[in-house]
Amino acid sequence: MITLSPLRWGKPYESLDFKDVVHFDTGAPIARVGTVGGGIVGRDMRKSHLAREALLQFSTDDLIERCKKAAELFEKSDLSVGDSTQSVDDFVHQQSASTGLPEHMCRSNMAKNSFVLAHMGEILDCLTRGLDLSILSRGYGEEGRGVIVSYQVQTPVLGAVLPNNSPGVHTLWLPAVPLQIGLALKPGSQEPWTPYRMISAFIAAGIPAEAFSLYPGDHDVGGAIMTKTSRSMIFGSAQTLAQHAGNPRVQAHGPGFSKILLGDDVVDDWEDYLDLMVESVLSNSGRSCINCSGIWASRHTREIGEAIAKRIGPVDVLPPADDSAQLAAFTVPAMATGTYAMVQQDLAESGVTDLTAEYGEKLIERDHCAYLRPMVVLADSPDRQVAAKEYMFPFVSVVQCPQAEMLNRIGPTLIGTVITRDGDLIKAAGNSTDIDRLNIGAIPTNRLNWLQPHEGNLIDFLFRSRAYQIAE
């Protein structure tokens, strides 16, 4: 059984306390993880400037090249992880065993993280709008217009309290390294695998180990990272987002409430977009903030919902090693039963219909885990509470709403796919402050263009633009 030790600025730490990571279905231990307390994090952050100093020994171009090497190592090579040598297959089996994700989804998320590392140069070029990256290292420079520009780094390290639900979110903190900013990470209790393997790949690629800390532990560790770093990320519920709203030190990532809007000019041809809608709902077992939780149209909503239900309603539980598996387990059974109870409350409201009722039981309970099978519900108005809900399994509400009211009623929407050729609707969608990432046309909500920022620009978060003048 593998043992994962905390990493304190590149040095393994011998913990006194350990927690087991267990198999989602059998409950058998698959790893021992050493833990720390928030006090250790606080002490370590007094030396956080050394992490940035270690990275500043390398140019951004050099670090980008090392990221490319790390991408190859992460996705294809045996790496030293904890007290063991971990192969790619080991990683996939371990991640699937603790998170309940089917193995092919683990491989897909692994490829996603690797892609971002391998294309880091292009991604940073887009995030900075073509800025000479040496300006970020130096703090100022000539942009080419005869004017000095200055970007002041706001933190020597980026802290992050990482989640368990989907390994794909790790793409959000990876660009910190070539930006010469260290990392202080609290791994998810059930998904420590990606951060540990990624840090191992960075170090094997020649990036200084002193730039990295990994702090497994309880909630006090996450609290310490949030309070002791000047910039941090956290992943959680809508309540988590509300707790950190307006705090410039924290970039909070939560539910996406991502949606597809069918314009009146195309809705009669809705069958042309059925594959797109199914993919948007079902991919990654519906666990991502970029999965579609609402499909809005002015008419044909019952037909649309029934067609989607026919495609995803029969999806059932399969072993995680089966390449056809589409459902991830809830590793805490109470989360599944609690979620299902909330769905039942939604269905009790007048005007809400379960279109997947005919496809059998939705809650599948086992000794150590539970599953929720896909659900499609029909809402006859945006006034129904379910129209504003998102759940962590393949769940979508098909909402009937006049086109003229859609953009005023959809609410916060991380990904908005607006399928239309109506110029007025396209312009209105572009002006909507409720939509973060806008797709115009037939683009599934789960298809991200990595050359564009997602949920905020990391450059704007980590650097501050300011005036900078030098006397002649």
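Residues numbered from 1 in each chain as written. Predicted model: local features only at pLDDT ≥ 70, side-chain atom pairs only at ≥ 80, totals over all residues. Heavy atoms only, no water.

1. Section: the overall build of the protein
- Along its length, the protein carries 16 helices and 24 strands.
- The C-alpha atoms of the protein give a radius of gyration of 23 Å, which matches the 23 Å a tight globule of 472 residues would have.
- Overall, the protein is about 65 × 60 × 35 Å in size when its C-alpha atoms are taken along their principal axes.
- Looking at the 472 residues of the protein, the share that counts as buried comes to 55%.
- Of the contacts made within the protein by residues no fewer than 6 positions apart, 72% connect residues no fewer than 24 positions apart. (Helix = DSSP H or I, 4+ residues; strand = E, 2+ residues; numbered from the N terminus. Rg over C-alpha atoms; globule rule 2.2 N^0.38 Å. Buried < 20%, exposed > 50% of the residue type's maximum accessible area, 1.4 Å probe, protein only. Contact = heavy atoms within 4.5 Å.)

2. Structural notes on the packing of aromatic side chains
- Evaluation of the coordinates by the stated rule reveals 6 aromatic pairs.
- Chaining the aromatic ring pairs together yields one cluster made of Tyr391, Phe393 and Phe395.
- Above the ring of Tyr13, the side-chain terminus of Arg8 is found at 4.9 Å from the ring centroid.
- Across the ring face of Tyr140, the terminal group of Arg138 is positioned such that the distance to the ring centre comes to 5.6 Å. (Phe/Tyr/Trp six-rings, centres within 6.5 Å; stacked < 30°, edge-to-face > 60°. Lys NZ or Arg CZ within 6 Å of the ring centre and 35° of its normal.)

3. Comments concerning the nonpolar core
- Ranked by internal contacts, the top residues of the largest apolar core, which has 73 residues, are Leu117, Leu158, Trp173, Leu183, Phe202 and Phe212.
- If you tally residues by element for this core, the top one is helix 3 (residues 60-76), at 7 residues.
- Filtering out sequence-adjacent residues up to four positions away, Trp173 remains in contact with Leu158, Leu162, Leu183, Leu185, Pro195, Met198, Phe202 and Met233. (Core = buried A, V, L, I, M, F, W, Y, C linked by side-chain atoms within 4.5 Å.)

4. Considerations on the sheet that holds strand 23 (residues 435-440)
- The 7 strands are arranged 17-20-21-16-15-22-23 in an open sheet whose pairing can be described as mixed. The sheet is open, and its two edges are formed by strand 17 (352-354) and strand 23, each paired on a single side. Averaged over all pairs of adjacent strands, the angle between their axes in this sheet comes to 20°, without regard to strand direction.
- Pairing of strand 22 (residues 413-419) with strand 23, which is carried by 5 bridges, proceeds in the parallel orientation. (Pairing = 2+ DSSP bridges. Axes fitted to C-alpha atoms, helices over the stretch in contact; angles between N-to-C directions.)

5. Brief notes about the sheet that holds strand 4 (residues 17-22)
- The 3 strands lie next to each other as 1-5-4, forming an open sheet whose pairing is mixed. Looking along the sheet, the strands with just one partner apiece sit at the ends: strand 1 (2-4) and strand 4. When strand polarity is set aside, the average angle formed by the axes of neighbouring strands in this sheet is 25°.
- Across 3 bridges, strand 1 lies against strand 5 (residues 29-35) in parallel orientation. By the bridge assignment for strand 5, Thr3 is matched with Arg32.
- Its contacts with the sheet place helix 8 (residues 193-204) against strand 1, strand 4 and strand 5, and it is angled at close to 80° to strand 1.

6. Details of the environment of Val343
- With respect to the secondary-structure elements, Val343 resides in helix 13 (residues 333-347).
- With a relative accessible area of 1%, Val343 lands in the buried category.
- Between the C-alpha atom of Val343 and that of Gly139, which follows or precedes it by 204 residues, the distance is 51 Å.
- Among residues more than four places away in sequence, those in contact with Val343 are Met375, Tyr391, Phe393 and Phe395.

7. Comments concerning the pattern of salt bridges
- Tallied over the entire structure, the rule returns 17 salt bridges.
- Between Arg311 and Asp275 there is a salt bridge, with its nearest N and O atoms 3.0 Å apart. One end of the pair, Arg311, is in helix 12 (residues 301-312); the other, Asp275, is in helix 11 (residues 274-282), with 36 residues separating them in the sequence.
- Classification of Asp275 as exposed rests on a relative accessible area of 53%.
- Across the pair Arg409 and Asp383 runs a salt bridge whose closest N-O atoms are separated by 2.5 Å. Taken together, the residues Arg409 in helix 14 (residues 403-409) and Asp383 in the loop between strand 20 (375-379) and strand 21 (395-400) connect sequence positions 26 residues apart.
- A residue is classified by how much of its surface remains accessible, and Arg409, at 33% relative accessible area, is partly exposed. (Salt bridge = Lys/Arg side-chain N within 4 Å of Asp/Glu carboxyl O.)

8. So, helix 12
- The end-to-end C-alpha separation of helix 12 is 16 Å, in line with the 16 Å expected for 12 residues at 1.5 Å each.
- Considered for burial, the residues of helix 12 that qualify are Thr301, Ile304, Gly305, Ala307, Ile308, Ala309 and Ile312.
- Check the buried side of helix 12 and you find it contacts strand 15 (258-262), helix 11, strand 16 (292-297), strand 20 and strand 21. (Expected span 1.5 Å × (residues − 1).)

9. As for the packing of helix 1 (residues 38-45) against helix 9 (residues 219-228)
- Look at helix 1 against helix 9: their axes get within 8 Å of each other, and the N-to-C directions meet at 25°. Put simply, helix 1 runs roughly parallel to helix 9. Both helix 1 and helix 9 take part in a crossing whose hand is right-handed. Facing helix 1, whose interface residues are Gly38, Val41, Gly42 and Met45, helix 9 presents Asp220, Val221, Ala224, Ile225 and Lys228. (Parallel < 35°, antiparallel > 145°, perpendicular 65-115°, else oblique. Left-handed = near helix turned anticlockwise from the far one by under 90°.)

10. Things to note about the pairing of strand 14 (residues 250-253)
- Pairing geometry for strand 13 (residues 231-235) and strand 14, over 4 bridges, is parallel. The partner of Ser232 across the bridge, within strand 14, is Val250.
- Regarding the hand of the β-α-β motif, the stretch spanning strand 13, helix 10 (residues 238-244) and strand 14 is right-handed. (Right-handed = clockwise from strand over helix to strand, strands pointing away.)

11. Structural notes on the side chain of Thr356
- Topologically, Thr356 is positioned in the loop between strand 17 and strand 18 (363-365).
- There is a polar contact of 3.3 Å between the side chain of Thr356 and the backbone nitrogen of Val376.
- Those residues in contact with Thr356, other than ones at most four positions away along the chain, are Ala309, Gly313, Lys362, Pro374, Met375 and Val376. (Polar contact = N/O pair within 3.5 Å; in protein donor to acceptor, adjacent residues only side chain to side chain.)

12. Points about the state of the cysteines
- Summed over all chains, the structure comprises 0 disulfides.
- Between Cys126, a free cysteine, and Cys67, which holds the nearest cysteine sulfur, the sulfur-to-sulfur gap is 16 Å. (Disulfide = S-S within 2.5 Å.)

13. Some remarks on the environment of Leu4
- Here Leu4 shows up in strand 1.
- Under the relative-accessibility criterion, Leu4 is labelled buried at 0%.
- A C-alpha to C-alpha distance of 4.7 Å links Leu4 and Val33, two positions 29 residues apart in sequence.

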